Amino acid sequence: QVQLQESGPGLVKPSQTLSLTCTVSGASISSGVYYWSWIRQHPGKGLEWIGYISYSGSTYYNPSLKSRLTISKDTSNNHFSLKLTSMTAADTAVYYCAREVAVMVSFYYFDFWGQGSLVTVSS
Amino acid sequence: DIQMTQSPSSLSASVGDRVTITCRASQNIKNYLNWYHQKPGRAPKVLVYAASSLQSGVPSRFSGSGAGTDFTLTISSVQPDDFGTYYCQQSYSGPKTFGQGTRLEIK
């Protein structure tokens, strides 16, 4: 069974950089046609897709966050990471990592998710 | 970005009721539409992908339909475990985008 687990600080000061890691078990992040995504949910709100890194290492970011965002992967430890700079209170959210799978060639959906990590931006 | 709009924002249903949730896309997304269910404090779980394909393990009371810009998720007979929030999500083009959610309360 595929499992994803987020780890990182629960509290970040304004203007600092958020670093989160998603450790994957039950699947290799460098094989198969999978896209390893970050998604966030502001308190009491809906879901916002942040970006992904593919099995081959290519990345695609949400344009609204692109200037502050880096997603990378560590294949030796089978995890991928998010760095988001210049954090503000508006970035306070639960951050999920998720696997996006392709079926029937071109249909993509998120089939496995981490449990989520609450990140609060406050001094 | 493609905007996704769900209706209603919330609804209340009794066990055994038939429930329909609607999702509208701001442009034609063919059938690149997924549905998720989220319970409070938990991660979302996929119910339907490609507009009408039921994810393995999902009860058959859930079904999806639609194409183009208008989609529906139907629960044929609501069960107590179906409470929570339902989201649609497009995977057609650009950044993935979700609807704002429909909260289902069980009476």
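Our structure is the block above this text.
Residues numbered from 1 in each chain as written. Chains lettered and ligands numbered in written order. Predicted model: local features only at pLDDT ≥ 70, side-chain atom pairs only at ≥ 80, totals over all residues. Heavy atoms only, no water.

Colleague: Please provide a residue-by-residue account of the packing of aromatic side chains, values included.
Modeller: For the structure on display, the rule yields 19 aromatic pairs over all chains. Seen in terms of ring centroids, Tyr34(A) and Trp36(A) are 6.1 Å apart; in terms of plane orientation they differ by 65°. Their pairing is edge-to-face. Among the aromatic residues, those joined into a cluster by ring pairs are Tyr35(A), Trp49(A), Tyr52(A), Tyr55(A), Tyr60(A) and Tyr108(A). Across from the ring centre of Tyr34(A), 3.8 Å away, lies the NZ or CZ of Arg99(A), which sits over that ring. Between the NZ or CZ atom of Lys96(B) and the centre of the ring of Tyr108(A), over which it lies, the distance is 5.2 Å. (Phe/Tyr/Trp six-rings, centres within 6.5 Å; stacked < 30°, edge-to-face > 60°. Lys NZ or Arg CZ within 6 Å of the ring centre and 35° of its normal.)

Colleague: So what's going on with the pairing of strand E7 (residues 69-74) of chain A? Residues and values would help.
Modeller: Residues and elements named next belong to chain A. Of the pairings in the sheet, the one linking E7 to strand E8 (residues 79-84) comprises six bridges and is antiparallel in character. Bridge pairing in E8 links Thr70 to Lys83. Linkage of E7 to E8, two consecutive antiparallel strands, is achieved through a turn of four residues, within which Asn78 is found at a positive phi near 55°. (Pairing = 2+ DSSP bridges. Helix = DSSP H or I, 4+ residues; strand = E, 2+ residues; numbered from the N terminus.)

Colleague: Break down the interface of chain A and chain B for me, with residues and values.
Modeller: Listed as interface residues are 22 residues of chain A and, on the opposing side, 20 residues of chain B. Between chain A and chain B we count one salt bridge in total. Of the charged contacts in the structure, one is a salt bridge between Glu100(A) and Lys96(B), with a shortest N-O distance of 2.9 Å. For the pair chain A and chain B, the interface holds 10 residue pairs in polar contact (both at pLDDT 80 or more). Mapped onto the side of chain A that touches chain B, the elements with two or more residues apiece are strand E4 (34-41), strand E5 (47-54), strand E9 (93-103) and strand E10 (107-113) of chain A. (Contact = heavy atoms within 4.5 Å. Salt bridge = Lys/Arg side-chain N within 4 Å of Asp/Glu carboxyl O. Polar contact = N/O pair within 3.5 Å; in protein donor to acceptor, adjacent residues only side chain to side chain.)

Colleague: So what's going on with the pattern of salt bridges? Residues and values would help.
Modeller: Under the criterion given, the structure shown has eight salt bridges over all chains. Among the salt bridges present, the one from Arg24(B) reaches Asp70(B), with a minimum N-O distance of 2.5 Å. Pair noted here: Arg24(B) is in strand E3 (residues 19-25) and Asp70(B) is in strand E8 (residues 70-75), with a separation of 46 residues, a long-range link. Overall, the relative accessible area of 33% leaves Asp70(B) in the partly exposed class. If you follow the salt bridges from partner to partner, you end up with Arg40(A), Glu48(A), Arg68(A) and Asp91(A) in one network. (Buried < 20%, exposed > 50% of the residue type's maximum accessible area, 1.4 Å probe, protein only.)

Colleague: Could you give me a rundown of the side chain of Gln89(B), with the residues and numbers involved?
Modeller: Tracing the sequence through the fold places Gln89(B) in strand E9 (residues 84-90). Engagement of the side chain of Gln89(B) in a polar contact is seen with the side chain of Tyr36(B), the distance being 2.7 Å. Apart from the residues within four sequence positions on either side, Gln89(B) is in contact with Phe110(A), Tyr32(B), Leu33(B), Asn34(B), Tyr36(B), Lys96(B), Thr97(B) and Phe98(B).

Colleague: Describe the nonpolar core, naming the residues involved and giving the relevant values.
Modeller: A general trend in soluble globular proteins is that nonpolar side chains are found buried together. Judged by nonpolar contacts, the single largest core of 26 residues is most densely connected at Leu18(A), Trp38(A), Phe80(A) and Tyr95(A). Within the residue set of this core, elements represented by two or more residues are strand E3 (18-25), E4, E5, E7, E8, E9 and strand E11 (117-121) of chain A. In terms of residue count, E3(A) provides more of this core than any other element does, four residues in total. Leave out the neighbours within four places in its chain, and Leu18(A) touches Pro9(A), Val12(A), Leu82(A), Lys83(A), Leu84(A), Met87(A), Tyr95(A) and Val119(A). Judged by nonpolar contacts, the second largest core, of 23 residues, contains Leu11(B), Cys23(B), Leu47(B) and Val58(B). (Core = buried A, V, L, I, M, F, W, Y, C linked by side-chain atoms within 4.5 Å.)

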